[in-house]
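Given next are the chains, with one letter for each unit.
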Amino acid sequence: EGRRHTRMLLLRTLLPAAVSSRCCRLVPPLAALASASPADAAAVRAFSMQQAAVVAAQRQRRVHRGVLGGLRMCSGGGGSALADLERDIQAQGEVVRELKAAAERDEAAIKAAVERLLALKAQLPAPVEPPPAKSGGKGGGGKGGGGRGGGGKGGGGSGAAEAELSESEIFRVRLDKAQAVAAGGHTPYAYSFAPTHSSATFAEAFDSLSPGAEDASAEVALCGRVMTKRSFGKLAFFTVQDGEGTFQLYLDKKRLGAAFRPFLDATDGGDFVGVKGGVKRTDKGELSVLVAEATLLTKALRPLPDKWKGLADVNKRYRQRYLDMIVNPRVRATFAARARITSYLRRYLDERGFLEIETPCLNAQPGGAEAKPFETYHNALGLDLTLRIATELYLKRLVIGGVERVYELGRIFRNEGISTRHNPEFTSVELYQAYADYEDMMALTEELVAGAARHVAGGTSVEYQGASIDLAPPWRRVTMAELVAEKLPQFDFFALREADGGSDAASGGEGLAAARAAAQAAGVAGAGEAPSLGELLALCFEELCEPELVQPTFVLDHPTEVSPLAKPHRTRPGVTERFELFAVGRELANAFSELTDPVDQRARFEAQAAKKAAGDEEACGVDEDFLTALEHGMPPTGGLGIGIDRLVMLLTDSPSIKDVIAFPLLRPEGQPAPKE
């Protein structure tokens, strides 16, 4: 029984390794060892591990020689590999037959040997083309496509070979390939390549080519990243991705000759390649580059994400945005749409006489919004500074200086929370037009947003998270007081304000007490601590009304207490000429008839400074330099700010602001959240 146990151990470990390395001369000594006592099992295991290491080293040297051979245009690489595989299959078949013929059959050993034989046979090339895949342009969907497939029986490319390896092992194998390329006198990191076509222009240029036809006179050159790789004996199909889509490579050993097999051995998914050759459409319609010359442009040392699972971890998508963009065409399309939106906005404003002028990101006094700033220090000047929370006050200085139409599209920084709607670093466009008011800004906002929708979405009707949004002007216009009264009929802002004597900051009056009670009954958080009717009105609007504004709506006439830079309304006391644009339950734009009275502006700043002194981190202080500029006179001016990120979210159907910012701010992996 002990000798039988040892013999089975040998068959399961050492013999397959010996067969795979074609060391058949080891088999007779194995038969002798099989008669040894069970005490020799440890020595047998050690010997088998040593042989396995030798086999692995031999395989690695064959890969190395194969890569070098291809780069040197040596022949025989592919045939040698296939012959090795056939010999391995033959030897493993003998093992299976011997096990089945044994007097004492070991079913477990037979099963393991048969599974190994089937695995070897699965590596044989199949004489068929792969199923169709999507291409970068027209003419896709035919036989021979290497698109989303790959990795099946007979092919699989690097994906199948790497599936069982750890990431560090994959890195090592790919690095060895890169070093082999370099050792052969070729750089694995090329300097340039000159394509004649992109995937889109390639598909367009040869759209008329019939299935099964070949354009022998065509000479094309394309380049891109290998997304999938399939090898079928003397044929191989790569799906390659460039900046405009994907295209297929048709690699035929007859055409490539000695370079065929080594090029396949040297390349993996994620590598950049450049190819030259003719054009062929497969029998089922897949437009392909019939490769005559192939060049490795960049060797990727790390693999792409799994083609089926993709990047399932949302945070990993944001942390490794480059991978997200490689494997998710929709992500690239979103950022392309963002670029077109910002380009359109700039072009629209430029054509109407607005000048784009950059203003400082480092401010001695934060202002232009109610927000907590990021703080920094300038060593050479010995100054405490903040990153800007808005571009407003410097752009207004330019209006004072005589630039009657000015804008800036730039980054804003606010040291606030992070959510699907908020990122501490975001982009806005702010513009100022002399001799205009907030009515003019409403018309301009409609034109800008509707025009951007037509430019990137093809019309003013867009889908957002299952809801149809109609951006065709004119949009609904309603005051904040009216919206709150719809939810709380007893909160009549103007009547309650009169009851408290008409003060903008009444505290303790009957009107404020009644409004607080109504708001608390409706479940508005913090209503009992609201210091004035105006601030309570804004709080009730945010809690009760804002989430329900799905279609584009201008919310007009905000309270004076929360609008320190807007002109008082010309007919309604207690509110300002200010609007915010809301759609899909979030703010998209904010605009004023700008405050030009320096005395009133100073009083507003001082009220803000008092709130800041009382502990309000979002309140601004008194900006004396801006007040000095305002005292020199500023013409009547309308101002508008649009959040670019939220506009892009709306027009690209993106649920989170992180989806439209290429590299959103994230907490480092493994770092716990700060304590409250």
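Being a predicted model, the structure only gives us computed values, none of them experimental.

1. Quick word on the sheet that holds strand β8 (residues 375-378)
Pairing within the open sheet is antiparallel, and its three strands lie in the order β7-β9-β8. Every other strand in the sheet has two partners, leaving β7 (362-363) and β8 as the edge strands with one partner each. Here two bridges tie β7 to strand β9 (residues 383-387), and the two strands are oriented antiparallel to one another. Residue pairing for β9: N363 is matched across the bridge by T386.

2. Here we look at the packing of aromatic side chains
Summed over the entire model, instances satisfying the criterion amount to 10 aromatic pairs. Residues F202 and F206 carry aromatic rings whose centres are separated by 5.6 Å and whose planes lie at 55° to one another, so their mutual orientation is tilted. With a centroid separation of 5.4 Å and an interplanar angle of 40°, the aromatic rings of W475 and F554 are classed as tilted. Of the two residues, W475 sits in the loop between β13 (467-470) and β14 (476-479) while F554 sits in strand β15 (residues 553-556), which places them 79 residues apart along the sequence. You'll find W475 and F554 in the same group, each marked buried. Through a chain of ring-to-ring contacts, three or more aromatic side chains come together here, namely F232, F237 and Y250. Taking the ring centre of Y394 as reference, the NZ or CZ of R397 above it sits at 4.4 Å.

3. Considerations on the nonpolar core
The biggest cluster of nonpolar side chains holds 45 residues, and the ones touching the most others in it are L431, L448, F579, L640, L650 and L651. Broken down by element, the residue count for this core peaks at nine residues, all from helix α16 (residues 438-457). Apart from the residues within four sequence positions on either side, L650 is in contact with V462, E463, Y464, I469, L471, V584 and L588. Counting residues in hydrophobic clusters, the runner-up holds 27 residues, among them A481, V484, L488 and A530.

4. Regarding the sheet that holds strand β6 (residues 355-356)
Within the open sheet, the eight strands sit side by side as β6-β10-β11-β18-β17-β16-β15-β14. Their pairing is mixed. In the strand order of this sheet, the two ends are held by β6 and β14, each with one partner. Of the strand pairs in this sheet, β6 and strand β10 (residues 405-413) are connected by two bridges, and their pairing is parallel. Across the sheet, the residue bridging to L355 is V406, located in β10. Packed on one face of the sheet, helix α15 (residues 392-400) meets β10, β11 (425-434), β17 (586-593) and β18 (637-643) and runs near 25° to β11.

Conventions we followed
Counting from 1, residues in each chain are numbered in the order their sequence is written. The predicted nature of this model means local features are confined to residues of pLDDT at least 70 and side-chain atom pairs, given and counted, to a pLDDT of 80 or more, with totals for whole chains, interfaces and linings taken over all residues. The basis for the side-chain values is all heavy atoms of the structure; hydrogens and waters are excluded. Note on pairing: DSSP must find at least two bridges between two strands before they are called paired. The helix and strand labels rest on DSSP assignments: H or I over at least four residues marks a helix, E over at least two residues marks a strand, and numbering proceeds from the N terminus. Stacked, tilted and edge-to-face pairs are distinguished by plane angle, under 30 degrees for stacked and over 60 for edge-to-face with tilted covering the rest, among Phe, Tyr and Trp rings (Trp via its six-membered ring) whose centres lie within 6.5 Å. The buried label goes to any residue with under 20% of its type's maximum accessible area, the exposed label to any with over 50%, and the partly exposed label to all in between, with areas taken from a 1.4 Å probe on protein chains only. Look at NZ for Lys and CZ for Arg. If either is within 6 Å of the ring centre and within 35 degrees of the ring normal, a charge sits over the ring. Here, nonpolar core means buried Ala, Val, Leu, Ile, Met, Phe, Trp, Tyr and Cys residues that are tied together by side-chain atoms lying within 4.5 Å of each other. Whether two residues touch is decided by their heavy atoms; if any such pair falls within 4.5 Å, the residues are in contact. Fitted lines through C-alpha atoms give the axes, limited to the stretch in contact for helices. The angle between two N-to-C directions lies from 0 to 180 degrees.

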